[in-house]
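Okay, here's what each chain looks like letter by letter:
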There are 2 protein chains.
Amino acid sequence: MGEIAGGASEAVHLSRGEAVRLVNTHGSQVVDTWCVHAADPSEYLSVEHTRRMLYALFPREGDMLHSNRRTPLLTLETDTSGCRHDMLFACCDSWLYRFYGCAPGHANCRDNFLSALARHGIEIGHVPNPINFWMNVPVSDNERLALEPPLSKPGDFIVLRAMAEVWVVFSACPMDITPVNGDRTPRCVSYEILGSSG
Amino acid sequence: MGEIAGGASEAVHLSRGEAVRLVNTHGSQVVDTWCVHAADPSEYLSVEHTRRMLYALFPREGDMLHSNRRTPLLTLETDTSGCRHDMLFACCDSWLYRFYGCAPGHANCRDNFLSALARHGIEIGHVPNPINFWMNVPVSDNERLALEPPLSKPGDFIVLRAMAEVWVVFSACPMDITPVNGDRTPRCVSYEILGSSG
């Protein structure tokens, strides 16, 4: 069991067959999530490949999440929220907070991703588009996008099952300008590793 | 004026203010398109940042196309087709053709992108999600995606205006399995550099 403070990040190692349960303790927190292959981080969870394999904008319970080499890295085994999980928008970064007029040094998911992996000695040359769990990006007219507060409830959780040996990176998004985290207050989430038996 | 054979690729240099007109000669050809900053190719056209800035799934005439540092790299100045241009699906790659049971060595947009830049001495560590001009990926129920033949007509063209000094990479998609290129026959396209005056 681990806790990730609001605005912070963590990289979690999973052997093939293991899973991680991620709990949205307060229900209002978006968690930007990446996955890289442990043996070769140049293979990573790719939302543009996953959309192509699912023929869908959003992942649903039971869906496999694919890598940039079109192999399944994770299965979204459980999703108690039943809501959309954005995988259309880039994570927040220092340039976004600059765009919003924030002072330099605002915590951001991009740096969180890089530093979480770096703490385990893993370097990766770019930042893939994450899956933003519980982030509510409604689509209208089959074209237009919006940013709205999350629809998830306190205690909602997902379970991600590893189809290969991987690192999963969670960033409890530090966004405090737009309403993606509800009342614009980043809050803690928790996670637990589950064995191969579930 | 240059011609790109069906299934081939080309990197085009644009100074700030210059533009390139890309002509869909036969109307049926999808062109996967990337853009990297000439001074630093780690800044590239990012569809996930562009969607966030446009709040839209597809780019329209007049839209600015943003980089992963949230600066505009290109403007889609003209688009005679008025149709959707996919930026949801990864480009085709060797793993996709393997998935379809093709023999090794099938031309693919991923290798086309890397080799077009390599011919100019530019190395880039990963392959961003391109904009797939004229590729017809309809969205239904604000969630589901499909792959359909293009709606563009012979002679349709786009003009991309450079907001910085950039390389634009075009790949006349070699796909001959799915109907993205209409009758599954990759065909040539042409391009022309336009000066700052348009």
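Now for a quick tour of the structure. (Residues numbered from 1 in each chain as written. Chains lettered and ligands numbered in written order. Predicted model: local features only at pLDDT ≥ 70, side-chain atom pairs only at ≥ 80, totals over all residues. Heavy atoms only, no water.)

Observations regarding the nonpolar core
Using the following cut-off: Grouping buried Ala, Val, Leu, Ile, Met, Phe, Trp, Tyr and Cys residues that are joined through side-chain atoms within 4.5 Å yields what is termed a nonpolar core. Only protein chains enter the accessibility calculation, which uses a 1.4 Å probe. A residue is then buried if its area is under 20% of the maximum for its type, exposed if over 50%, and partly exposed in between. The secondary structure listing takes helices from DSSP runs of H or I that are at least 4 residues long and strands from runs of E that are at least 2 residues long, numbered from the N terminus. Only heavy atoms enter the contact rule, under which two residues are in contact if any of them lie within 4.5 Å.
Formed by 60 residues in total, the largest nonpolar core has its most connected members in A:Leu57, A:Leu88, A:Leu117, B:Leu57, B:Leu88 and B:Leu117. Looking at this core, the elements that each hand over two or more residues are strand E4 (31-37), helix H2 (94-99), helix H3 (109-118) and strand E11 (166-172) of chain A together with strand E4 (31-37), helix H2 (94-99), helix H3 (109-118) and strand E11 (166-172) of chain B. For A:Leu57, the contacting residues outside a window of four places in its chain are A:Arg51, A:Met87, A:Leu88, A:Val139, B:Leu57, B:Leu88, B:Val139, B:Asn142, B:Glu143 and B:Leu145.

Some remarks on the sheet that holds E4(B)
All names here are of chain B. Which entries qualify depends on this criterion: Pairing between strands is defined by DSSP: at least two bridges between the two strands are required. Every axis in this analysis is a line fitted to C-alpha atoms, fitted for helices over the stretch in contact. Angles between the N-to-C directions lie between 0 and 180 degrees.
Strands sit in the order E2-E11-E4-E7 across an open sheet of four strands; the sheet is antiparallel. Looking at the sheet topology across the chains shown, the edges are occupied by strand E2 (9-14) and strand E7 (131-133). Strand-to-strand twist across the sheet, computed as the mean angle between neighbouring axes with direction ignored, equals 25°. Across six bridges, the pairing between E2 and E11 is antiparallel. Residue His-13 lies in a different strand from E11, and its bridge partner there is Trp-167.

With respect to the sheet that holds E11(A)
All names here are of chain A. One open sheet accounts for four strands, arranged E2-E11-E4-E7; its pairing is antiparallel. The two strands at the open ends of the sheet, each matched to only one other strand, are strand E2 (9-14) and strand E7 (131-133). Direction aside, the axes of adjacent strands within the sheet are offset by 25° on average. Two elements, E4 and E11, share seven bridges in a ladder whose sense is antiparallel. By the bridge assignment, Val-31 is partnered in E11 with Ala-172.

What about the pairing of strand E10 (residues 156-162) of chain A?
All names here are of chain A. Of all seven residues in E10, six are buried, a share of seventy percent or more. Of the pairings in the sheet, the one linking strand E3 (residues 19-24) to E10 comprises six bridges and is antiparallel in character. The partner of Asn-24 across the bridge, within E10, is Asp-156. The sheet contact formed by strand E6 (residues 72-79) and E10 spans five bridges and is antiparallel. Looking at E10, one finds that Leu-76 is bridged to Leu-160.

Some thoughts on the interface of chain B and chain A
Convention followed: Joining two parts hides part of their accessible area as seen by a 1.4 Å probe, and the buried area is that hidden amount summed over both. Salt bridge criterion: a side-chain nitrogen from Lys or Arg within 4 Å of a carboxyl oxygen from Asp or Glu.
Chain B puts 37 residues into the contact, and the matching count from chain A is 37 residues. Roughly 3,300 Å² of surface becomes buried between chain B and chain A when both sides are summed, with 54% attributable to carbon and sulfur atoms. Seen at the junction of chain B and chain A, the total is four salt bridges. With a shortest N-O distance of 2.9 Å, A:Arg60 and B:Glu143 are connected by a salt bridge. Residue assignment for the side of chain B that touches chain A shows that the elements contributing at least two residues are helix H1 (47-54), H2, strand E8 (139-140) and strand E9 (144-145) of chain B. Take the side of chain B that touches chain A: its biggest share by element is five residues, from H1(B).

Some details on the relation of the copies chain B and chain A
To be explicit about the condition: In superposing the copies, a least-squares fit is computed on C-alpha atoms, taking residues whose pLDDT is at least 70 in both.
Superposing chain B onto chain A takes a rotation of 180° combined with a translation of 0.0 Å along the rotation axis, leaving an RMSD of 0.0 Å. What we have between these two chains is a two-fold relation. Proximity to the rotation axis, assessed at the C-alpha, singles out B:Asn142 in chain B; its C-alpha lies 2.3 Å from the axis. Of all interface residues in chain B, 100% are interface residues in chain A too; the two copies therefore contact each other through one and the same surface.

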